Every structure is written in C-alpha cells, then in structure tokens.
Amino acid sequence: MASTAELDAQSPYHRIGGLAVLRQITNRFYDLMEQEPEFAELRAMHGADLAPMRDSLASFLAGWSGGPRDWSLANPGKCMGSVHAPFAITAVTARQWVTAMRRAIADVAPQDTEMADAFATVMERMALGMARG
C-alpha cells in the first residue's frame, strides 16, 4: 500500500511541478491574453488589472490539482462555474481561453509531458463547458 507521501508525489499538482510551475503557466496565460490580438475578446471580459486574477487562478489550479486548497478556503462555497456565472462566456471566448491556456502550458513545458497534456485536456473540457452562447 502506498504511503500518503507517495500518493502526494503522484498527484497532478506534484507531477505538473507544483505551485511554481502553475504560477508560470498562469502568468504566461495572462501575458498572452494581454499581448496577443487573437485573445482580445477574452481580455475584454477582464478588469484592467490582471494581478488579482493571476494569483487567483494559480491558487485555484493548485487546489484543483491536489495541492494546497488556499483558494477554496478563501472562497467557501464557490466553484469555477459560480464565479464565472455573471460573464457572457461564448464559444468564441471559451475557445480563446483554451488556446491561450494550451499555449501557456506548451511554452512553460512542464517536465512531465503526459501530465501537461492531461492537464491541458481537462482544462479545455472545463472551459468549453462554461460556454453559454
């Protein structure tokens, strides 16, 4: 039987590279959103200052992938669906999100490529599932 430490080491959080890599992915994602015209509609849905979003997304991804649950503790009763409910997420903006996230993951290039691919696929399903128009 595997120990807790062995199971933790196998979690998506640890396999992707932990908070440091999730922060790199998140920062690259928001950099792409700010810099690339192809993500203009997605960028327009966000406030002027993306710093809070950078911290929030990295923290959410950490807990969601099996790491520290700081985001959930700071946002009791909330999930990504409820947080994004007020936004008019279309198929176009959801696809922009997916494209930017996949590029961010590829640019950061986590060492565990199998986990990086799985992570990108699950993120894509989640983002496309939020589209409502």
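Residues numbered from 1 in each chain as written. Predicted model: local features only at pLDDT ≥ 70, side-chain atom pairs only at ≥ 80, totals over all residues. Heavy atoms only, no water.

J.: Let's hear about the overall build of the chain: which residues, and what values?
T.: From N to C terminus, the chain includes nine helices and zero strands. Ordering the α and β elements of the chain from the N terminus gives α-α-α-α-α-α-α-α-α. Relative to its length of 133 residues, the chain is compact, with a C-alpha radius of gyration of 15 Å against a globular reference of 14 Å. For the chain, the C-alpha atoms occupy an extent of roughly 50 × 35 × 25 Å along the three principal directions. Expressed as a percentage of the 133 residues in the chain, the buried residues total 37%. (Helix = DSSP H or I, 4+ residues; strand = E, 2+ residues; numbered from the N terminus. Rg over C-alpha atoms; globule rule 2.2 N^0.38 Å. Buried < 20%, exposed > 50% of the residue type's maximum accessible area, 1.4 Å probe, protein only.)

J.: Give me the lowdown on the packing of aromatic side chains, citing residues and values where you can.
T.: Summed over all chains, the structure comprises five aromatic pairs. Between Phe 60 and Trp 71 the ring centres are 5.2 Å apart and the planes differ by 80°, which places this aromatic pair in the edge-to-face class. Taken together, the residues span a long stretch of sequence, with Phe 60 in helix α5 (residues 51-64) and Trp 71 in helix α6 (residues 70-74) at a distance of eleven residues. Judged by relative accessible area, Phe 60 falls into the buried class, the value being 11%. On the accessibility criterion, Trp 71 (7% relative accessible area) is buried. Grouped by ring-pair contacts, the aromatic residues Phe 60, Trp 64, Trp 71 and Phe 119 constitute a single cluster. (Phe/Tyr/Trp six-rings, centres within 6.5 Å; stacked < 30°, edge-to-face > 60°.)

J.: Go over the layout of surface pockets with me, naming the residues and quoting the values.
T.: Estimates place the volume of the largest pocket at around 490 Å³. Of all the elements in the fold, those that place two or more residues in the lining of the largest pocket are α5, α7 (80-84), α8 (91-108) and α9 (113-129). For the lining of the largest pocket, the per-class residue count stands at 18 nonpolar, six polar and no charged. (1 Å grid on protein atoms, 1.4 Å probe; cavity = no way out; pocket = protein on both sides within 12 Å on 5 of 7 lines; lining within 4 Å. Points joined across faces, edges and corners; volume = space filled by probe spheres on them. Nonpolar A, V, L, I, M, F, W, Y, C, P; charged D, E, K, R; others polar.)

J.: Which residues make up the environment of Gln 35, and what values do they have?
T.: For Gln 35, the position within the fold is in helix α3 (residues 18-35). Here the alpha-carbon distance between Gln 35 and Thr 121, two residues 86 residues apart in the chain, equals 24 Å.

J.: Explain α8 to me, using residue names and the numbers behind them.
T.: Within an α-helix, residues lying three or four positions from one another point in the same direction, as the helix has 3.6 residues per turn. Counted at 1.5 Å a residue, the expected span for α8 with its 18 residues is 26 Å, and the 26 Å between its end C-alpha atoms agrees. Taken together, the buried positions of α8 are occupied by Thr 93, Ala 94, Gln 96, Trp 97, Val 98, Ala 100, Met 101, Ala 104, Ile 105 and Val 108. Contacts made by the buried residues of α8 are with α3, α4 (40-44), α5 and α9. Taken from the residues just after α8, Ala 109 is the one with a positive phi, measuring 55°. (Expected span 1.5 Å × (residues − 1). Contact = heavy atoms within 4.5 Å.)

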